[in-house]
Amino acid sequence: MHGLNIKTHNEPQLTSMNESQKPGRKKLFIKTFGCQMNVYDSARMADALDGEGYVPAATPEGADLVILNTCHIREKAAEKVFSELGRLRALKEARAKDSARMLIGVAGCVAQAQGEHIMQRAPVVDLLFGPQAYHLLPELEKRARRGERVIEMNFPAQDKFNQLPDINIAAKNPPVTAFLAIQEGCDKFCTFCVVPYTRGAEYSRPVARIIDEARKLAAKGAREITLLGQNVNAWHGEGEGGTWGLGRLLHALGEIEGLERLRYTTSHPRDMDDELLEAHKNLPQLMPYLHLPVQSGSDRILKAMNRRHTAAEYLRIIDKIRKYRPDIAMASDFIVGFPGETDADFADTLKLVREVNYAQAYSFKYSERPGTPAAEREDQVPEELRTARLAELQDVLNSQQGAFNAARIGKTMDILFDRPGRQDGQIAGRSPYMQAVHVQGPSELMGGFASVTISSAGVKSLGGELVSKAEGARA
Ligand code: SAH
Ligand code: SF4
Ligand code: F3S
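Once a new chain begins, its residue numbering starts again from 1 and follows that chain's sequence as written. Chain letters start at A and ligand numbers start at 1, both assigned in the order the entries are written. Totals for whole chains, interfaces and linings use every residue, but because this is a predicted model, local features are given only for residues with pLDDT of at least 70 and side-chain atom pairs only at 80 or more, for both listing and counting. Computation of side-chain values covers all heavy atoms of the structure but excludes hydrogens and water.

K.L.:
So what's going on with the environment of threonine 265? Which residues, and what values?
P.N.:
Secondary structure elements are taken from DSSP: a helix is a run of H or I of four residues or more, a strand is a run of E of two residues or more, and numbering for both begins at the N terminus. Tracing the backbone shows threonine 265 in strand 14 (residues 261–265). The sequence separation of threonine 265 and valine 232 amounts to 33 residues, and the corresponding C-alpha distance is 6.0 Å. Threonine 265 has contacts with Gln36, Thr226, Leu227, Leu228, Gly229, Val232 and His291, leaving out every residue within four places of it along the chain. Nitrogen and oxygen atoms within 3.5 Å of one another constitute a polar contact, given that in protein one can donate a hydrogen and the other can accept it, and given that sequence-neighbouring residues count only through two side-chain atoms. Polar contacts involving the side chain of threonine 265 include one to the side chain of threonine 266, which spans 3.2 Å. Whether two residues are in contact is decided by their heavy atoms: any pair within 4.5 Å suffices.

And the structure:
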């Protein structure tokens, strides 16, 4: 699955699956947790193993290699690794009874953070590697197959990006909406967050490689590309005329034939420069949706989080962008119950939310992460209070999201259809504002745009009727 999937954090996702009937091919099953970067990485792991004779399988049963691509962002996400490994152990034993060997690999951010611990606690794991090592996968797999228990956690991100094979998944399963990682790692060190430790220092991929990958994706049928990075707008690179920022890069990508939609995620308020803000006005391919996490509306908490901006500075960015693109759909992440958060701090968050009026949001209870400064603090907020605040915040956010969606009723929008809908005869896609839209329609429309008049709206998705096929249309 390479569809554009908005942040799921905790929800596992399956990587592009097409069970091969060919005999003699080894079966690969990858289960992906966490952010879109992990979704992208899983697709690249499948690429790297393609040359080794591995084909993607739809289920772990009977697979020759199962990889869990893990997420360490919150405690719940990290805990999933061990429950998954328990389930896989039974499958591995069943496979051994058939005299076949199922290798089990753990990848991603939990592997990076807790590698040794996992190897000790879970003998079922054959190979373990961090997010910077997946280009080494063919070699690691060979060693594991020879019976070695392999652990690999090298770091420099540029090695990974430069040594990966060209995208070939797209050739088998052309993605209409594709991810393209342009930046990885984080130097911001928010006091609650594990990402700087699991993904390492900020690294920007060079302009030429990004453009080359985008061209290939477009040639293989991608109509929409989402640029990915832990801090995607910290991206910079040397291009024509000097150093480029993300705004300049987006303009260059906008010139690629066939690419009708561009998006980027996740951005940090500190790195929203004018050229990027202006791209929302000048670049028609850039979709009117911006995920700009604020985490809290309290300056005191923002400071303690080391976010390095105030609530007022954040609101000023949104004012600016709304001047350029009045209809922009704003999205954010929130953390409630950060250590020391008082009722007054939480009230500031609600106030900011009311002021911005979000189209979409992801909100979480603060989760103590080992090794981060905030986890050491004595003034942790009681669990019940975190739960109550989350419920209160989500009420407001859901009603804003519902209102944003309901305001589309009666309007006609271009939808990029990329997947079957929930019910028979339905297809689903995304509006320019990232809303999920379901219609009754022929599956041939998947992979392209069509005009849809919206007739119903819920908090999570819209329903509508096809107007006509509008090839190449954009917002
Ligand atoms: N680089 C992105 C965020 C990546 S993590 C950014 O700066 O916006 C995705 C989200 O997970 C964060 O925005 C935050 O809301 C949430 N998150 C991260 N660490 C967390 C923790 N310890 N507890 C709860 N939520 C957390
Ligand atoms: Fe984590 Fe902050 Fe970096 Fe985002 S900016 S990845 S929240 S440390
Ligand atoms: Fe999770 Fe790592 Fe992404 S911790 S959110 S998979 S960067």
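K.L.:
How would you sum up the site of ligand 2? Please name residues and give values.
P.N.:
We call a residue near a molecule or strand whenever a single non-hydrogen atom of that residue lies within 4 Å of it. Every residue lining ligand 2 is accounted for by Cys186, Lys188, Phe189, Cys190, Phe192, Cys193, Val195, Pro196, Asn231, His268 and Arg307. Side-chain classes follow a simple rule in which Ala, Val, Leu, Ile, Met, Phe, Trp, Tyr, Cys and Pro form the nonpolar group, Asp, Glu, Lys and Arg form the charged group, and the remainder, Gly included, forms the polar group. Here the residues of the shell around ligand 2 sort into seven nonpolar, two polar and two charged.

K.L.:
For the sheet that holds strand 17 (residues 360–365), give the residues involved together with the corresponding values.
P.N.:
If you walk across this open sheet you meet the three strands as 15-16-17, and the pairing is parallel. Each edge of the sheet is formed by a strand with only one pairing partner; in this case those strands are strand 15 (289–291) and strand 17. On average, each strand axis in the sheet is inclined to that of its neighbour by 10°, with strand direction left out of account. When DSSP locates at least two bridges between a pair of strands, those strands are taken to pair. Only C-alpha atoms enter the line fits that serve as axes; for helices the fit covers just the stretch in contact. Angles between N-to-C directions range over 0 to 180 degrees.

K.L.:
Go over the pairing of strand 11 (residues 224–228), please, and point to the residues and values.
P.N.:
Regular strands place side chains that alternate from one sheet face to the opposite one. Buried means the residue's accessible area, taken with a 1.4 Å probe over protein chains only, is under 20% of the maximum for its type, while exposed means over 50%, and partly exposed covers the values in between. Among the five residues of strand 11, five are classified as buried, and the element is accordingly described as predominantly covered. Both faces of strand 11 are covered, namely the face carrying Glu224, Thr226 and Leu228 and the face carrying Ile225 and Leu227. In the sheet, strand 8 (residues 177–181) pairs with strand 11 via five bridges, with the strands oriented parallel. The residue bridging alanine 178 from the neighbouring strand is isoleucine 225, located in strand 11. Summarising the sheet, strand 11 and strand 14 pair through five bridges and their orientation is parallel. Directly across from leucine 228, in strand 14, lies its bridge partner threonine 265.

K.L.:
Break down the site of ligand 1 for me, with residues and values.
P.N.:
Around ligand 1 sit 17 residues, and of these Phe192, Gln230, Gln295, Asp333 and Ser367 come closest. In this structure, phenylalanine 192 approaches ligand 1 through a main-chain N or O atom, which is 2.9 Å from a nitrogen atom. Within the side chain of aspartate 333, one N or O atom sits 2.6 Å away from an oxygen atom of ligand 1. In isolation ligand 1 exposes 550 Å². Once the protein is present, 94% of that is buried. Here the accessible surface of atoms and residues is derived via Shrake-Rupley with a 1.4 Å probe, and residues count as covered only by protein chains that are part of the display.

K.L.:
Tell me what's going on with the confidence of the model for the chain, and back it up with residues and numbers.
P.N.:
Confidence per residue, as judged by the predictor, is encoded in pLDDT with a range of 0 to 100. Of the residues in the chain, 90% have a pLDDT of 70 or more, and the chain-wide mean is 90. Contacts for the low-pLDDT stretch residues 1–23, under 50 throughout, to residues beyond four places or in other chains number 79 contacts.

K.L.:
Account for the side chain of histidine 309, with residues named and values stated.
P.N.:
Within the fold, histidine 309 resides in the loop between helix 11 (299–304) and helix 12 (311–324). The buried category is assigned to histidine 309, whose relative accessible area is 8%. Discounting residues that sit within four places of it in the chain, histidine 309 has contacts with His268, Pro269, Arg270, Val294, Leu302 and Tyr314.

K.L.:
Account for the pattern of salt bridges, naming residues and giving values.
P.N.:
Criterion for a salt bridge: a side-chain nitrogen of Lys or Arg within 4 Å of a carboxyl oxygen of Asp or Glu. In the structure shown here, the tally under the stated rule is 30 salt bridges. With a shortest N-O distance of 3.4 Å, glutamate 224 and arginine 263 are connected by a salt bridge. A residue pair is termed long-range when its members are at least 10 positions apart, and glutamate 224 in strand 11 and arginine 263 in strand 14 qualify at 39 residues. Residue glutamate 224 is classed as buried on the basis of its relative accessible area of 1%.

K.L.:
How would you explain the sheet that holds strand 20 (residues 436–440) if you had to name every residue and give the values?
P.N.:
Pairing is mixed around the closed barrel formed by five strands, whose spatial order is 18-19-20-22-21. The mean inter-strand angle of the sheet, taken between neighbouring strand axes irrespective of direction, is 55°.

K.L.:
Could you give an account of the nonpolar core, naming the residues involved and the relevant values?
P.N.:
Generally speaking, nonpolar side chains in soluble globular proteins are found buried as a group. The term nonpolar core refers to a set of buried residues drawn from Ala, Val, Leu, Ile, Met, Phe, Trp, Tyr and Cys, joined through side-chain atoms within 4.5 Å. Within the largest apolar cluster, 55 residues are counted, with the highest numbers of intra-cluster contacts made by Leu227, Tyr264, Met330 and Tyr358. If sequence neighbours within four positions are ignored, methionine 330 has contacts with Leu290, Leu292, Tyr314, Ile318, Ile321, Arg322, Val356, Tyr358, Ala359 and Gln360.

K.L.:
Lay out the pairing of strand 22 (residues 461–466) in plain terms, naming residues and giving numbers.
P.N.:
Here strand 20 runs beside strand 22; their pairing, made up of four bridges, is parallel. Of the residues in strand 22, the one forming a bridge with alanine 436 is serine 461. A loop of three residues connects strand 21 (residues 449–457) with strand 22, the two strands running antiparallel in sequence.

K.L.:
Describe helix 10 (residues 274–282), naming the residues involved and giving the relevant values.
P.N.:
Residues lying three or four places apart along an α-helix face the same way, a consequence of the helix completing one turn every 3.6 residues. Residues of helix 10 that are buried include every one of Leu276, Leu277, Ala279 and His280, and no others. Seen along its axis, helix 10 keeps its buried residues to an arc of 150°; they face one direction. Where helix 10 is buried, its residues touch helix 9 (246–254), strand 14, strand 15 and helix 12. By construction, the arc corresponds to the directions joining the helix axis to the C-beta atoms.

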